[in-house]
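One-letter residues, chain by chain:
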Amino acid sequence: MSGIAVGVYLPWVQTNPSFPSTAEVPTVLLDGMLPGIRGLDFVLLGGAGLVAVLYVASVGEGARSVLTVLSGLGTVLLCLYRLFATPITGFDAAIGFDATFVPAEGWYLTVLGGLLLAVAGAVQRPDNPVRKTLRTALTG
């Protein structure tokens, strides 16, 4: 959850560092180039906050596990949506992995946080054999 919280604050978009120094890069300030919280960030923080509340509240393990997985997958899907749904008006290149503008460290950290949240929720399923094995190994 802390990966998501830090990731939404950091910049999500940067100029492609693999472009040669002679390449023409448009001088634009896209949403996501500056650090700060705006846009879909509140939805991402809300999903992570919901998971935190579920762990404090006395909610059943099955429901908590499912909501944790859904929150993690939702985070990853919103990150992908944000990456590919941002048009650059008047330019041929869009934001992508090999375009003029590429994801920055905040985007990667948020995706990683979402993936970890989804995996943690999946491992926590009450009927998960991995969880039972870990619990047996840790408690002796």
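Residues numbered from 1 in each chain as written. Predicted model: local features only at pLDDT ≥ 70, side-chain atom pairs only at ≥ 80, totals over all residues. Heavy atoms only, no water.

## Focus on the overall build of the protein chain
Note the following rule: By the criteria applied, helices consist of DSSP H or I runs no shorter than four residues and strands consist of E runs no shorter than two, each listed in order from the N terminus. Note on areas: Shrake-Rupley with a 1.4 Å probe; residue coverage comes only from the protein chains shown.
Of the regular secondary structure elements, the protein chain holds 5 helices and 2 strands. Helices and strands in the protein chain line up, N terminus first, as α-β-α-α-β-α-α. Of the roughly 8100 Å² of accessible surface on the protein chain, 68% is carried by carbon and sulfur atoms.

## Let's talk about helix α4 (residues 105-123)
Spelled out, the test is: To estimate how far a helix should extend, the number of its residues minus one is multiplied by 1.5 Å. Note on classification: 1.4 Å probe, protein chains only; a residue is buried when its accessible area is under 20% of the maximum for its type, exposed when over 50%, partly exposed between these limits. As used here, the arc is the angular range of directions from the helix axis to the C-beta atoms. Should any heavy atoms of two residues lie within 4.5 Å, those residues are considered in contact.
For α4, with 19 residues, the first-to-last C-alpha span of 27 Å sits near the 27 Å given by 1.5 Å per residue. Of all the residues in α4, the buried ones are Gly106, Trp107, Thr110, Val111, Gly113, Gly114, Leu117, Ala118 and Gly121. Buried positions in α4, seen along its axis, are confined to an arc of 160 degrees and lie on one side of it. Next to the buried residues of α4 lie α1 (2-9), α2 (41-56), α3 (61-84) and β2 (101-103).

## What to know about the confidence of the model for the protein chain
To keep it simple, the criterion reads: Known as pLDDT, the predictor's confidence for each residue is given on a scale from 0 to 100.
The predicted model of the protein chain has a mean per-residue pLDDT of 80, with 87% of residues at 70 or higher. At the low end of the mean pLDDT range in the protein chain sits helix α5 (residues 129-139), at 70; at the high end sits α4, at 91.

## So, the packing of aromatic side chains
In this description, a pair of aromatic rings is defined by centroid distance and the angle of the planes. Filter applied, for reference: Two rings from Phe, Tyr or Trp (for Trp, the six-membered ring) form a pair when their centres sit within 6.5 Å of each other. Planes less than 30 degrees apart are called stacked, planes more than 60 degrees apart edge-to-face, and all others tilted.
Considering all chains together, one arrives at 1 aromatic pair under this definition. Relative to Tyr108, the ring of Trp107 has its centre 5.1 Å away and its plane inclined at 85 degrees; by these criteria the two rings are edge-to-face. A relative accessible area of 5% means that Trp107 is categorised as buried.

## Thoughts on empty space enclosed by the protein
Short version of the rule: The way it works is a 1 Å grid over only the protein atoms, where trapped points that fit a 1.4 Å probe form a cavity and open points with protein on both sides within 12 Å along at least five of seven lines form a pocket, and then any residue with an atom within 4 Å of a point lines it. Grid points are joined across faces, edges and corners, and a volume is the space filled by probe spheres set on the points.
Within the structure shown, the criterion is met by 2 cavities of 30 Å³ or more. As for the largest cavity, its lining consists of 13 residues, and the residues nearest its centre are Trp12, Gly32, Arg38, Asp41 and Arg82.

## Some details on α2
Relative to the 22 Å expected for 16 residues at 1.5 Å per residue, α2 spans 23 Å between its end C-alpha atoms, a close match to the ideal helical length. All of the buried residues along α2 are Asp41, Leu44, Gly47, Ala48, Val51 and Leu54. One side of α2 holds all its buried residues, which, seen down the axis, span an arc of 165 degrees. Along α2, exposed side chains directed more than 90 degrees from the buried face belong to Phe42, Val53 and Val56. Buried-residue contacts for α2 involve α1, α3 and α4.

## Some thoughts on the environment of Arg38
Structurally, Arg38 is set in the loop between β1 (13-15) and α2. For Arg38, a relative accessible area of 30% translates into the label partly exposed. A C-alpha to C-alpha distance of 8.7 Å links Arg38 and Tyr9, two positions 29 residues apart in sequence. Setting aside residues up to four positions removed in sequence, Arg38 forms contacts with Asp31 and Gly32.

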